[in-house]
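Structural overview for review
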Amino acid sequence: MKAPPLVFFLRGIVRGDCGHVHRTLQAAAKCYRREWSDCAMLGGYTDRTLKFSLDLTKAESQLVRTAFDGYLHGEKVTVSCE
Ligand SMILES: [Zn+2]
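Residues numbered from 1 in each chain as written. Predicted model: local features only at pLDDT ≥ 70, side-chain atom pairs only at ≥ 80, totals over all residues. Heavy atoms only, no water.

Overview of the overall build of the protein chain
To be explicit about the condition: Per the convention used, a helix needs a DSSP run of H or I reaching at least four residues, while a strand needs a run of E reaching at least two, with both numbered from the N terminus. Each residue's exposure class comes from its accessible area (1.4 Å probe, protein chains only) as a fraction of the maximum for that residue type: buried when under 20%, exposed when over 50%, partly exposed otherwise. Whether two residues are in contact is decided by their heavy atoms: any pair within 4.5 Å suffices. Per-residue and other accessible areas were derived by the Shrake-Rupley procedure at a 1.4 Å probe size, with only the shown protein chains allowed to occlude residues.
A count of helical and extended segments in the protein chain gives 2 helices and 3 strands. Reading the secondary structure of the protein chain in the N-to-C direction produces β-β-α-β-α. The buried share of the protein chain, taken over its 82 residues, is 29%. In the protein chain, 59% of the contacts between residues at least 6 apart in sequence involve partners at least 24 apart. Total accessible area computed for the protein chain in this model is approximately 6,000 Å², and 56% of it derives from carbon and sulfur atoms.

Written out as structure tokens, the structure is:
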């Protein structure tokens, strides 16, 4: 049995799906940053969060989220548009 690939996407109750299937965390982070600047221009903020295509263990998802944060805050810029 072949395991399905792990892919990433961004989803929020208000903002909905980003409409992509990101095969890398880097791509997902790039999409997320764009989403943040779009919403900042509108004077709001996004409720999208990172989602996975597979059910990961708590430890695994923690690792992925840490890596994702690393890509997001590579320049140690605190993003805030609330
Ligand atoms: Zn996206």
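Comments concerning the coordination of the zinc ion
The criterion, for reference: Ligating atoms shown are N, O and S within 2.8 Å of the metal, or 3.2 Å for Na, K and Ca, and water is not included, meaning a site may look less than complete. Here the metal geometry follows the donor angles, with tetrahedral for four donors whose angles all fall between 85 and 135 degrees, square planar for four and octahedral for six when opposite donors are more than 155 degrees apart and every other angle is between 65 and 115, and irregular for all the rest.
The coordination sphere of the zinc ion contains the protein donors C18 (SG), H20 (ND1), H22 (NE2) and C31 (SG), at a distance range of 2.0 to 2.3 Å. Classification of the site at the zinc ion rests on its 4 donor atoms, whose angles at the metal span 103 to 120°, yielding the label tetrahedral. For H20, a relative accessible area of 40% puts it in the partly exposed group.

Brief notes about the pattern of salt bridges
This is how it is decided: A pairing counts as a salt bridge when a side-chain nitrogen of Lys or Arg comes within 4 Å of a carboxyl oxygen of Asp or Glu.
Within this structure, the stated rule accounts for 3 salt bridges. Ionic pairing is found between R11 and D17, a salt bridge with its closest N-O pair at 2.7 Å. By relative accessible area, D17 is classed as partly exposed at 41%. Salt-bridge contacts for E35 lead to R48; the nearest nitrogen and oxygen are separated by 3.0 Å. With a gap of 13 residues between them, E35 in helix α1 (residues 25-41) and R48 in the loop between α1 and β3 (49-52) connect regions that are remote in the sequence. A single burial state applies to E35 and to R48, both of which are buried. Taken together, the shared-partner salt bridges in this structure form one network comprising R15, E35 and R48.

So, the confidence of the model for the protein chain
As a reminder, the rule being used: Confidence scores per residue from the predictor, reported as pLDDT, run from 0 to 100.
For the protein chain, per-residue confidence averages 86 on the pLDDT scale, and residues scoring 70 or more make up 88% of the total. Every residue in residues 76-82 is under pLDDT 50, and counting partners more than four places away or in other chains gives 10 contacts.

Thoughts on the nonpolar core
Put simply, the test is: Grouping buried Ala, Val, Leu, Ile, Met, Phe, Trp, Tyr and Cys residues that are joined through side-chain atoms within 4.5 Å yields what is termed a nonpolar core.
F8, L10, L25, Y32, L50, V64 and F68 are the most contacted members of the largest nonpolar core, which totals 15 residues. Elements represented by at least two residues in this core include exactly β1 (8-12), α1, β3 and α2 (58-72). Looking at this core, the element that brings in the most residues is α1, giving 7 residues. Other than its neighbours up to four places away in sequence, V64 contacts F8, L25, L50, F52 and L56.

Looking at the side chain of S61
Along the chain, the position of S61 falls in helix α2. Looking at S61, the relative accessible area reads 15%, which means it is buried. Setting aside residues up to four positions removed in sequence, S61 forms contacts with F52 and L56.

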